[in-house]
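# Examining the three-dimensional arrangement
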Amino acid sequence: MADQQAHSGEDSRPTEIPVLRWEEPPEGPVLVLLDQTRLPAEEVELVCTDASALVEAIRSLAVRGAPLLGIAGAYGVALAAARGFDVDEAAAVLAGARPTAVNLAVGVRRAQAAYRAESARSGDGPRAARAALTAARQLHQEDAAASARMAERGLALLDELLPAGGHRVLTHCNTGSLVSGGEGTAFAVALAAHRAGRLRRLWVDETRPLLQGARLTAYEAARSGMAYTLLTDNAAGSLFAAGEVDAVLIGADRIAADGSVANKVGSYPLAVLARYHHVPFIVVAPVTTVDPDTPDGASIEVEQRPGHEVTEIVAPQAPVMGAEAGGGIPVAPLGTQAYNPAFDVTPPELVTAIVTEEGTVSPVTAEALAELCARSRQVSIG
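Residues numbered from 1 in each chain as written. Predicted model: local features only at pLDDT ≥ 70, side-chain atom pairs only at ≥ 80, totals over all residues. Heavy atoms only, no water.

Looking now at the overall build of the protein. A tally of regular secondary structure across the protein gives eleven helices and 17 strands. Its C-alpha atoms give the protein a radius of gyration of 20 Å, near enough to 21 Å, the size a compact globule of 382 residues would have. Projected onto its principal axes, the C-alpha positions of the protein cover 65 × 60 × 40 Å. Relative to its 382 residues, the protein shows a buried fraction of 54%. Of the roughly 16200 Å² of accessible surface on the protein, 53% is carried by carbon and sulfur atoms. Treating the 30 positive side-chain charges of the protein as one cloud and the 46 negative ones as another, the clouds have centres 4 Å apart. (Helix = DSSP H or I, 4+ residues; strand = E, 2+ residues; numbered from the N terminus. Rg over C-alpha atoms; globule rule 2.2 N^0.38 Å. Buried < 20%, exposed > 50% of the residue type's maximum accessible area, 1.4 Å probe, protein only. Areas by Shrake-Rupley, 256 points an atom, 1.4 Å probe, with all protein chains shown as cover. Lys, Arg positive; Asp, Glu negative; His and termini not counted. Charge placed at Lys NZ, Arg CZ, Asp CG, Glu CD.)

Taken in spatial order, the seven strands make up an open sheet running β7-β6-β5-β8-β11-β16-β17, and their pairing is mixed. Either end of the sheet is taken by a strand with one partner, and the two such strands are β7 (228-231) and β17 (359-361). The sheet shows a mean angle of 25° between the axes of neighbouring strands, direction not considered. Relative to β17, strand β16 (residues 353-356) runs antiparallel, the two sharing three bridges. Paired with Ile 354 across the two strands is Val 361, which belongs to β17. Those strands touched by helix α7 (residues 212-223) are β5 (167-171), β6 (199-205) and β7, and its axis lies near 160° from that of β6. (Pairing = 2+ DSSP bridges. Axes fitted to C-alpha atoms, helices over the stretch in contact; angles between N-to-C directions. Contact = heavy atoms within 4.5 Å.)

With that settled, the discussion passes to the sheet that holds strand β9 (residues 254-256). Spatially, β12-β9-β10-β15 is the arrangement adopted by the four strands of the open sheet, whose pairing is mixed. Here the strands that pair on one side only, and so sit at the sheet edges, are β12 (290-291) and β15 (343-346). In this sheet, β15 lies alongside strand β10 (residues 261-264) in antiparallel orientation, the contact comprising four bridges. Within the sheet, the bridge partner assigned to Asn 263 lies in β15 and is Asp 344.

This paragraph deals with the packing of helix α4 (residues 102-122) against helix α5 (residues 125-161). In contact at an axis separation of 8 Å, α4 and α5 are set at 150° when each is read in the N-to-C sense. Judged on the interaxial angle alone, α5 and α4 are roughly antiparallel. As for the relative orientation of α4 and α5, their crossing is right-handed in sense. In this structure, α4 contributes Gly 107, Arg 110, Ala 111, Ala 114, Tyr 115, Glu 118, Ser 119, Arg 121 and Ser 122 to the contact, and α5 contributes Gly 125, Arg 127, Ala 128, Ala 129, Ala 131, Ala 132, Ala 135, Gln 138, Leu 139 and Glu 142. (Parallel < 35°, antiparallel > 145°, perpendicular 65-115°, else oblique. Left-handed = near helix turned anticlockwise from the far one by under 90°.)

This part covers α7. The first and last C-alpha atoms of α7 sit 16 Å apart over twelve residues, in line with the 16 Å expected at 1.5 Å per residue. Buried residues dominate α7, accounting for nine of its twelve residues. When α7 is considered as a whole, its buried residues turn out to be Gln 212, Gly 213, Arg 215, Leu 216, Thr 217, Ala 218, Tyr 219, Glu 220 and Ala 221. Buried residues belonging to α7 abut β4 (43-48), β5, α6 (186-195), β6, β7 and β10. Two residues or fewer after α7 comes Gly 225, characterised by a positive phi angle close to 75°. (Expected span 1.5 Å × (residues − 1).)

Taken as a whole, helix α3 (residues 87-95) has its buried residues at Val 87, Ala 90, Ala 91 and Leu 94. Viewed along the axis of α3, the buried residues span an arc of 100°, placing them on a single side of the element. For α3, the exposed residues set more than 90 degrees away from the buried face come down to Glu 89 and Ala 92. In this structure, the buried side of α3 is in contact with α1 (51-59), α2 (66-82) and α4. (Arc of directions from axis to C-beta.)

Attention now goes to the confidence of the model for the protein. In the predicted model, the protein carries a mean pLDDT of 91, and 91% of its residues have values of at least 70. Considering only residues more than four positions removed or in separate chains, one finds that residues 317-325, a stretch of pLDDT under 50, has ten contacts. (pLDDT = per-residue confidence, 0-100.)

Further remarks concern the packing of α5 against α6. Put simply, α5 and α6 touch, their axes get as near as 8 Å, and they point 65° apart. For the pair α5 and α6, the crossing hand works out as right-handed. Residue-level inspection shows Ser 147, Met 150, Ala 151, Gly 154, Leu 155 and Leu 158 of α5 in contact with α6, the latter providing Ala 188, Val 189, Ala 192 and Ala 193. Class assignment of the residues belonging to the contact of α5 with α6 gives a composition of eight nonpolar, two polar and no charged. (Nonpolar A, V, L, I, M, F, W, Y, C, P; charged D, E, K, R; others polar.)

Of all hydrophobic cores here, the largest spans 47 residues; its most connected members are Leu 20, Leu 33 and Leu 54. The element best represented in this core is α2, accounting for eleven residues. Those residues in contact with Leu 20, other than ones at most four positions away along the chain, are Leu 31, Val 32, Leu 33, Leu 68, Ile 71, Ala 72, Tyr 75 and His 140. If you look at the next biggest cluster of nonpolar residues, it comprises 29 residues, including Trp 203, Phe 240, Ala 271 and Leu 372. (Core = buried A, V, L, I, M, F, W, Y, C linked by side-chain atoms within 4.5 Å.)

To continue, consider the pairing of strand β2 (residues 20-23). Where burial is concerned, the two faces of β2 differ: the one with Leu 20 and Trp 22 is buried and the one with Arg 21 and Glu 23 is not. As paired strands, β2 and strand β3 (residues 30-34) are joined by four bridges and run antiparallel to one another. When the bridges of β3 are listed, Trp 22 appears paired with Leu 31.

Okay, here's the thing in structure tokens:
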């Protein structure tokens, strides 16, 4: 069950209201989420009391972004355990809520493994629930630390590739603090460049059909005082042609073993444009986004979203009385079929570099990624 609480969005930074937090009121533990579907109009929190409410929040994109989905999934397992629900059942539903983002399943499995291990050791349900919560909190802290390291490595790479400074960076979708335990992935690199005085302009794709760029990235850029300009997705080509883009920075929802990158739909065309115009195309993502069990791009399951997200326009906080399907204003004839994949896949040969908290891979090859993942596992064990 999810309840909503409203907060004023005036004179506050997006990080002042955490995108996700665990609370333990007298009536029982809850997971509190910043409802990203309501931004930038207002900052509203969802209060989830069970895993099913969290699943709905994930599917509706109230909570989104690969790293944050992993954290949310782990907390969802902890919530099910603390509330006395079937943990394995909750874990299965949570892990399948969005199939492309591998971090979600990774976070769920981590908390589930902690729960199972303590349950097998002590047979104590409350202790097993606390073990799951500890695992979720640890993942949350690790992601914040990873975000800082990615920002540092990404900025170093930008400075290496573009020694003249004054970076003009194009980004797609939303990859800031709204998708992370820290300041994000690709956006965190741009933010680091801004703080260092080396960001000349952040070009923000609006990112159809749900406008995560216009609603969320522009929101974060404005709150951070960055020089940014919003553009329609299909205007990016004219920017490249005019020589106005020095680098492309995007995140990732899944990186296959061969280096193929699944990210918000529209990323692949940017990679093609970048290659033609000799512009670096850089992917920034935590190591947990690399999935060794997915051999190549063709093996990545791409989520198909409802057609009404394309055939209708929904304005935040402006419900249309009597509207059908998504509750928006129709912009296409009744009965129009829509092709609406949530992601597309960029092949490794179009990716200049993959930046992670454990290192940078360039050129992007299966061997280099496998070595990075092996090194990351050694660090975790150590």
